[in-house]
Number of protein chains: 4
Amino acid sequence: MIFVLKPGVPLEKIEQFQQMIESRGFKTFLSTGTEHNVVCLIGNTAAIDLDLVVQNSDIVEYGKRVTEPYKAVNRTVHPEDTMVNAGGVTIGEGLFQVIAGPCSVESEEQIIEVAKSVKASGATMLRGGAFKPRTSPYAFMGLHEEGLRLLLTAKKETGLPVVTEIMNQTQLPLFEDIDVIQVGARNMQNFDLLKEVGRFNKPVLLKRGLANTLEELLMSAEYIMSAGNSQVILCERGIRTFETATRNTLDLSVIPLLKQKSHLPVIVDPSHAAGLRGLVAPLARAAVAVGADGLMIETHNDPARALCDGAQSLDLVQFRDFMKDIKRRISFEGKRVAAN
Amino acid sequence: MIFVLKPGVPLEKIEQFQQMIESRGFKTFLSTGTEHNVVCLIGNTAAIDLDLVVQNSDIVEYGKRVTEPYKAVNRTVHPEDTMVNAGGVTIGEGLFQVIAGPCSVESEEQIIEVAKSVKASGATMLRGGAFKPRTSPYAFMGLHEEGLRLLLTAKKETGLPVVTEIMNQTQLPLFEDIDVIQVGARNMQNFDLLKEVGRFNKPVLLKRGLANTLEELLMSAEYIMSAGNSQVILCERGIRTFETATRNTLDLSVIPLLKQKSHLPVIVDPSHAAGLRGLVAPLARAAVAVGADGLMIETHNDPARALCDGAQSLDLVQFRDFMKDIKRRISFEGKRVAAN
Amino acid sequence: MIFVLKPGVPLEKIEQFQQMIESRGFKTFLSTGTEHNVVCLIGNTAAIDLDLVVQNSDIVEYGKRVTEPYKAVNRTVHPEDTMVNAGGVTIGEGLFQVIAGPCSVESEEQIIEVAKSVKASGATMLRGGAFKPRTSPYAFMGLHEEGLRLLLTAKKETGLPVVTEIMNQTQLPLFEDIDVIQVGARNMQNFDLLKEVGRFNKPVLLKRGLANTLEELLMSAEYIMSAGNSQVILCERGIRTFETATRNTLDLSVIPLLKQKSHLPVIVDPSHAAGLRGLVAPLARAAVAVGADGLMIETHNDPARALCDGAQSLDLVQFRDFMKDIKRRISFEGKRVAAN
Amino acid sequence: MIFVLKPGVPLEKIEQFQQMIESRGFKTFLSTGTEHNVVCLIGNTAAIDLDLVVQNSDIVEYGKRVTEPYKAVNRTVHPEDTMVNAGGVTIGEGLFQVIAGPCSVESEEQIIEVAKSVKASGATMLRGGAFKPRTSPYAFMGLHEEGLRLLLTAKKETGLPVVTEIMNQTQLPLFEDIDVIQVGARNMQNFDLLKEVGRFNKPVLLKRGLANTLEELLMSAEYIMSAGNSQVILCERGIRTFETATRNTLDLSVIPLLKQKSHLPVIVDPSHAAGLRGLVAPLARAAVAVGADGLMIETHNDPARALCDGAQSLDLVQFRDFMKDIKRRISFEGKRVAAN
């Protein structure tokens with residue numbers, strides 16, 4: 001962290017400033033220039049409120065952090081790609097995974113039909129919501145424990161590892177047999193939940209919040225990793241902008257940036273981003289090309305009767321055709337879809 | 001809900017469409033026009049996925065909801081202003097309240113000094129964080145239970161009702177003696193938490209999320225009210241935009257809109273919105289003028305040493321001067337600050 | 001256009017409302033329902049201020065347009081893809097074009113070196129700014145007429161058609177020999193300029209504004225087409241959001257949407273969107289995969305000394321490698337890069 | 001401008017870096033630290049592409065500008081408030097002005113009726129569009145020269161100075177008798193137009209663009225001032241965000257920030273920001289309280305028949321009542337509305 005001083009500050013005031021900073025446990029040094037002097041801090045400055053120091057000093061022009069605030073997720077600390085093992089399926093570094101399934105688990109027949117079909121088409125993991133976050137308290141919120149049970153039945157039938165969303169930390173005991181715990185966009189900064197899934201011994205799929213920056217996403221991953229769990233998969237699913245033609249704006253630029261700044265695998269959910277079935281395939285193609293490690297695709301046996309988000313779901317035939325194309329593209333990129 | 005049909009759809013297909021909708025429990029009727037026909041639905045359409053119906057039908061041009069999706073919070077259902085009684089202090093309909101205090105409770109001396117001073121200056125409620133949501137897992141997160149205990153000590157000393165933030169539902173038993181439970185911006189769509197505070201018998205201060213619309217804020221209030229708790233205070237605290245000169249963009253337009261669409265009291269937090277101490281007073285003046293029912297102002301005995309968000313805190317002298325001006329403005333608006 | 005009426009409006013008031021609308025030259029008809037009645041308008045409603053009618057009537061609940069406001073650019077009016085012939089090079093429907101060149105034309109040596117090199121690497125058109133829009137009045141603004149002259153010299157040497165930006169309509173006479181006139185993001189809603197390039201007999205490359213919607217982009221294209229010029233190429237180059245890790249957020253979702261709603265070719269400029277050289281290649285790969293008809297890539301012989309935007313420019317070797325990869329991808333998509 | 005170097009760079013490479021920078025006409029000096037060294041630049045660094053230097057050097061961690069890029073508009077350069085004389089009416093430093101009138105000049109009767117009425121109610125300047133920027137090429141675009149003539153007739157009748165929008169620089173000769181030339185939001189970065197109005201001897205009302213930052217607004221004012229015209233009035237009129245309940249989000253935080261960073265007067269246009277008549281008065285009240293120097297209010301003799309933007313216009317009676325309230329507030333702030 002450095003502080004650029006205003007011009008013409010007398011040395012005495014600079015020394016007082018340095019002493020104030022050093023009294024808080026940091027080492028400082030002064031770089032003198034012809035116009036501006038710069039005070040540099042050494043030590044773990046993550047806890048310093050930069051704006052505060054600037055506002056409370058009458059000699060500081062501005063301050064700036066030199067180092068990134070995340071450590072465990074930082075590629076400089078861990079140069080190799082992290083490979084996440086999700087119920088026997090590995091994601092990361094050339095191993096591309098496709099997670100498919102309905103927005104909500106609705107019945108045993110439904111989830112088993114979908115699971116068998118998406119597996120046959122080439123999906124390697126099964127998704128399905130049991131606890132559903134809904135904007136309206138009057139909307140369908142999932143089958144809860146029964147939904148988890150049906151997911152596990154579908155896993156047993158097909159061998160597909162299962163991914164499903166957690167809504168709060170009291171539900172964790174129910175997730176013992178789930179392969180990947182999803183923390184949804186609205187919970188990306190539910191810090192207590194992040195800490196608890198960080199203490200739990202399961203891979204976590206962390207979705208980017210609707211209005212969260214790349215750095216905030218990495219800081220939320222840092223919560224999970226700093227609590228002891230290094231099995232984190234990042235997921236881009238669209239951000240909120242002024243554009244109304246799509247539900248959200250899928251931000252594919254963050255994929256190569258996340259891969260560069262962090263060692264964690266990154267997947268893309270085009271279904272929730274666009275909110276329109278017709279955009280799922282083109283955006284998935286773009287996601288493969290931009291370097292994502294996987295896709296999450298909403299797929300339903302009967303989208304017209306889906307209890308939520310049917311408008312963005314592919315049906316089973318559409319998904320089969322979709323996978324034919326996507327598999328060609330994955331191998332074009334020199335990656336492979338590897339089931340366990 | 002209405003569906004505008006494409007031109008030239010044969011009557012037979014329209015009837016099939018109506019039967020499909022009616023099979024799901026709604027009544028429909030057809031309005032015939034020269035170019036477009038319109039199918040209208042009657043019943044509680046909150047659970048219908050509008051986009052889905054449009055996408056799955058080859059005869060529908062588009063659909064549109066006719067009624068607002070919130071009911072309990074809707075002013076049409078409850079035309080009079082709701083008055084919230086927060087530990088003896090009433091907010092709403094001409095009774096303006098000023099909530100002041102530090103970002104975090106740091107020590108007994110600190111919170112008592114701040115509480116006495118802000119009370120003397122005219123604040124009517126005390127805020128102070130015990131559980132602090134922080135972007136970084138390495139930042140100070142509050143004193144937790146000890147923080148709540150110190151807040152209650154300050155309440156005992158000064159008589160000021162206390163407001164403090166909850167982070168997750170397992171903490172609710174600790175909030176028995178707290179006067180107002182704050183649900184922060186990052187938890188505005190933590191639906192399980194909303195339901196639980198809705199079952200708890202305490203007023204709730206609900207902050208708008210960084211990227212949430214007015215309608216979503218009202219839907220989150222609806223979660224609380226539909227669970228049985230009608231004591232809800234809404235709070236605007238800035239939204240995320242492309243502007244970087246301020247931390248967030250305070251959206252004062254929503255104050256008169258919220259007052260028009262809902263019967264709930266609405267307050268403004270200019271401290272978190274701007275993130276700059278110098279903007280707190282002008283934005284607070286604007287909030288009074290635009291019709292807010294109260295203010296939440298970060299105030300600290302020693303902002304330069306605050307453990308969080310010091311850059312936006314007023315010190316005790318600044319707050320005293322601030323209140324002199326704000327009190328003149330409140331009475332100019334024909335409202336009054338009423339302590340209990 | 002339809003107006004949904006409030007419940008319980010007496011027939012007399014409805015008839016007055018219909019007469020008011022009809023007095024302005026529209027035909028109306030009434031669809032009666034059990035709860036809401038709906039008044040539908042027939043005629044060219046583009047000039048009606050929908051919000052105004054709603055606000056000024058005490059019987060209307062809300063109104064909604066049924067048809068899209070753009071006509072000439074609408075695919076429903078012109079189902080086949082428009083092919084734009086840009087100085088002998090055709091873009092659209094399977095013919096993919098890569099436009100390369102520096103942000104600014106700086107000297108004869110520079111532009112000829114770049115032109116020869118990018119042609120050898122596979123680019124089919126040459127870009128280079130002669131009139132540069134710059135945020136600061138103190139920044140380099142291009143070589144103006146001299147820049148245009150040098151571009152034409154480079155065209156003569158290489159045969160590459162040239163694309164360059166116009167800043168205002170008084171410059172049009174200078175653009176007689178330019179192959180494609182670029183209207184930049186900041187001028188997307190400079191309506192007088194749009195009309196004038198619409199009267200000029202040259203293809204226009206229209207960039208999306210930083211905060212403009214897909215519909216507004218199409219309306220600006222409509223300005224050009226309605227003035228008589230149907231040779232319009234649309235270009236996505238990033239929108240402004242809260243994310244600060246990239247200069248703008250490239251919105252690839254609009255590519256398939258624009259192709260669906262309009263018949264015009266659509267290209268992508270990843271250089272300006274990201275502002276970071278390292279993102280140009282992955283985003284270009286995504287653009288090819290998502291269905292764009294072309295790319296615009298900033299390329300410079302010596303980016304370290306470029307007079308503007310060097311940080312996002314590829315050097316000539318990087319561009320050569322880039323094109324090797326992109327050409328494989330274009331043919332993977334079943335398209336071809338066709339020079340004239 | 002400073003460059004923070006990566007750790008462990010050998011002195012030889014640092015010296016090469018300094019020589020490279022100095023070869024471009026800057027003086028540099030090196031501040032050595034224990035972890036990071038910092039190279040500082042002296043000279044007019046406005047033309048340096050910061051990102052470029054960082055990307056092209058393998059020894060620089062990051063760079064940062066120390067000084068603000070605007071000079072003429074900067075309050076540090078010109079500490080006193082600029083007072084703009086607009087046709088005999090002065091705006092700035094305690095002199096508050098209210099500009100009222102219709103979106104478009106529609107007829108002589110209309111503009112004279114409105115002018116007389118708003119003058120009687122207390123407005124001090126008249127607005128009215130003659131050249132109207134419209135999203136659709138099929139919408140009403142104003143009466144052009146005839147509109148300007150009618151405005152001047154209304155000025156003659158009432159003595160009110162007139163403000164009207166210019167669309168492109170070729171229209172300037174028509175604006176000889178206009179008192180204030182408005183550059184609209186869509187033209188805020190039409191740099192050629194800014195330069196031309198900067199060479200013209202008339203006050204300029206510069207509206208903030210829909211997606212432009214405070215700094216960009218000041219840079220556009222810098223264009224005008226650096227061309228020789230120091231009579232600039234800034235205007236906030238709402239920015240584009242994800243919120244759809246209002247047309248734009250009025251950003252009142254920028255008013256005190258602009259007053260602090262610049263010496264230019266700042267006014268607010270709540271009519272265009274909200275797009276809803278019912279929000280004009282509360283937002284205007286907030287604008288007065290936050291410290292604006294004036295208001296621009298759309299007012300029409302018959303909003304229900306206005307040819308554009310009627311939904312946000314006050315009628316003449318509403319404006320009279322509005323002004324009664326606003327005048328009380330202006331004098332509460334210790335300011336006055338001063339006609340010439």
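Thresholds applied
- Residues numbered from 1 in each chain as written.
- Chains lettered and ligands numbered in written order.
- Predicted model: local features only at pLDDT ≥ 70, side-chain atom pairs only at ≥ 80, totals over all residues.
- Helix = DSSP H or I, 4+ residues; strand = E, 2+ residues; numbered from the N terminus.
- Buried ≥ 20, exposed ≤ 12 C-beta atoms within 10 Å, placed from the backbone.
- Contact = placed C-beta atoms within 7 Å.
- Nonpolar A, V, L, I, M, F, W, Y, C, P; charged D, E, K, R; others polar.
- Domains from an automatic or database assignment.
- Least-squares fit on C-alpha atoms with pLDDT ≥ 70 in both.
- Axes fitted to C-alpha atoms, helices over the stretch in contact; angles between N-to-C directions.
- Parallel < 35°, antiparallel > 145°, perpendicular 65-115°, else oblique.
- Left-handed = near helix turned anticlockwise from the far one by under 90°.
- Pairing = 2+ DSSP bridges.
- Expected span 1.5 Å × (residues − 1).
- Arc of directions from axis to C-beta.
- pLDDT = per-residue confidence, 0-100.

On a plain count of helices and strands, chain A comes out with 10 helices and 15 strands. For the C-alpha atoms alone, the extent of chain A along its principal axes is close to 80 × 40 × 40 Å. Looking at chain A as a whole, 59% of its 340 residues are labelled buried. Taking the intrachain contacts of chain A between residues at least 6 apart in sequence as the baseline, contacts between residues at least 24 apart amount to 65%.

Here we take up the interface of chain D and chain C. Between chain D and chain C, the residue contacts involve 42 residues of the former and 42 residues of the latter. Those elements that provide at least two residues to the side of chain D that touches chain C are helix 2 (50-56), helix 5 (191-199) and helix 6 (214-226) of chain D. A total of 5 residues in the side of chain D that touches chain C trace back to one element, the largest contributor, which is helix 6 of chain D. The residue makeup of the side of chain D that touches chain C, split by class, is 20 nonpolar, 13 polar and 9 charged.

The next subject is the domain arrangement of chain A. Examined at the domain level, chain A breaks down into domain 1 (2-64) and domain 2 (84-337). A separation of 45 Å is found between the C-alpha centroids of domain 1 of chain A and domain 2 of chain A.

Let's shift gears to the interface of chain C and chain A. Of the residues lining the interface, 30 residues belong to chain C; the matching set on chain A comes to 30 residues. Among the secondary structure elements, those contributing two or more residues to the side of chain C that touches chain A are helix 6 (214-226), helix 7 (254-261) and helix 9 (277-290) of chain C. Here the side of chain C that touches chain A is composed, by residue class, of 19 nonpolar, 7 polar and 4 charged.

Let's shift gears to the relation of the copies chain C and chain A. Its rotation angle being 180°, the transformation that places chain C on chain A also includes 0.0 Å of axial translation and leaves an RMSD of 0.0 Å. Viewed as a symmetry operation, the transformation between the two copies matches a two-fold axis. If distances are taken from each C-alpha of chain C to the rotation axis, the shortest is found for alanine 286 of chain C, at 2.1 Å. Here 100% of the contact residues of chain C are again contact residues in chain A; the copies associate through an equivalent surface.

Before going further, it helps to examine the relation of the copies chain D and chain C. Its rotation angle being 180°, the transformation that places chain D on chain C also includes 0.0 Å of axial translation and leaves an RMSD of 0.1 Å. By residue overlap, the copies meet face to face through one surface: 100% of the interface positions of chain D are interface positions in chain C.

To continue, consider the packing of helix 3 (residues 108-121) of chain A against helix 10 (residues 316-332) of chain A. All names here are of chain A. Following both chains from N to C, one finds helix 3 and helix 10 inclined at 20°, their axes separated by 9 Å at the closest point. On the basis of their axis angle, the class for helix 3 and helix 10 is roughly parallel. Crossing hand, helix 3 versus helix 10: right-handed. Contact residues: Val114, Ser117, Val118 and Ser121 in helix 3; Leu316, Phe319, Arg320 and Met323 in helix 10. Class assignment for the residues of the contact of helix 3 with helix 10 results in 5 nonpolar, 2 polar and 1 charged.

For the rest of this paragraph, the subject is helix 5 (residues 191-199) of chain C. All names here are of chain C. Most of helix 5 sits out of view: 8 of its 9 residues are buried. For helix 5, the full list of buried residues reads Phe191, Asp192, Leu193, Leu194, Lys195, Glu196, Val197 and Gly198. The elements touched by buried residues of helix 5 are strand 10 (180-183), strand 11 (204-207) and helix 6.

This next bit is on the pairing of strand 9 (residues 162-166) of chain B. Residue and element names in this part refer to chain B. Most of strand 9 sits inside the fold, with 5 of its 5 residues counted as buried. For strand 8 (residues 125-127) and strand 9, the ladder comprises 2 bridges, and the chain directions are parallel. Bridge pairing in strand 9 links leucine 126 to valine 162. Examined bridge by bridge, strand 9 and strand 10 (residues 180-183) share 4 bridges and lie parallel to one another. Of the residues in strand 10, the one forming a bridge with isoleucine 166 is valine 183.

Bringing helix 4 (residues 145-158) of chain B into the picture now. Residues and elements named next belong to chain B. In a regular helix each residue adds 1.5 Å, so 14 residues correspond to 20 Å; helix 4 covers 20 Å between its end C-alpha atoms and thus fits that length. For helix 4, every residue scored as buried is listed here: Gly147, Leu148, Leu150, Leu151, Ala154, Lys155 and Thr158. An end-on view of helix 4 places all buried positions within 160° of arc, on one side of the element. With respect to the buried face of helix 4, the exposed residues turned more than 90 degrees away are Glu145 and Lys156.

Residues and elements named next belong to chain A. With phi around 45°, glutamate 93 is a residue other than glycine that occupies positive phi space. Here glutamate 93 is to be found in the loop between strand 6 (89-91) and strand 7 (95-101). Glutamate 93 sits in the partly exposed class, given 14 other C-beta atoms within 10 Å.

Residues and elements named next belong to chain D. Where helix 9 (residues 277-290) meets helix 10 (residues 316-332), the closest approach of the two axes is 10 Å, and the angle between their N-to-C directions is 15°. Of the possible angle classes, the one that applies to helix 9 and helix 10 is roughly parallel. Of the two elements, helix 9 crosses helix 10, and the hand of that crossing is right-handed. Between helix 9 and helix 10, the contacting residues are Ala281, Ala284, Arg285 and Val288 on the first element and Phe322, Ile326, Arg329 and Ile330 on the second. Residue classes in the contact of helix 9 with helix 10 are distributed as 6 nonpolar, no polar and 2 charged.

Residue and element names in this part refer to chain D. In this structure, lysine 71 sits in the loop between strand 4 (60-64) and strand 5 (84-86). The exposure class assigned to lysine 71 is partly exposed, which follows from the 18 C-beta atoms found within 10 Å. For the pair lysine 71 and isoleucine 99, spaced 28 residues apart in sequence, the C-alpha separation works out to 29 Å. Residues within four places of lysine 71 in sequence aside, it is in contact with Val77 and Glu222.

For the rest of this paragraph, the subject is the environment of alanine 304 of chain C. Secondary-structure assignment places alanine 304 of chain C in the loop between strand 14 (294-298) and helix 10 (316-332). With 16 C-beta atoms counted inside 10 Å, the residue alanine 304 of chain C sits in the partly exposed group. Apart from the residues within four sequence positions on either side, alanine 304 of chain C is in contact with Gly310 of chain C together with Leu52 and Asn56 of chain D.

Moving on, we get to the pairing of strand 12 (residues 232-236) of chain C. All names here are of chain C. With respect to burial, strand 12 is a largely interior element, 5 of its 5 residues being buried. Residues Val232, Leu234 and Glu236 point to one face of strand 12 and Ile233 and Cys235 to the other, with burial holding for every one of them. Two elements, strand 11 and strand 12, share 4 bridges in a ladder whose sense is parallel. Bridge assignment links leucine 205 to a residue of strand 12, and that residue is isoleucine 233.

Across chain A, the average pLDDT comes to 90, with 95% of residues at or above 70. Among the prediction metrics, the complex's ipTM stands at 0.88, with pTM recorded as 0.89.

Next up on the list: the environment of methionine 219 of chain B. Among the structural elements, methionine 219 of chain B can be located in helix 6 (residues 214-226). Classification of methionine 219 of chain B as buried rests on a count of 26 C-beta atoms within 10 Å. Each C-alpha atom, one on methionine 219 of chain B and one on valine 73 of chain B, is 8.2 Å from the other, the two residues being 146 residues apart in sequence. Among residues more than four places away in sequence, those in contact with methionine 219 of chain B are Thr135 and Ser136 of chain A together with Pro69 and Tyr70 of chain B.

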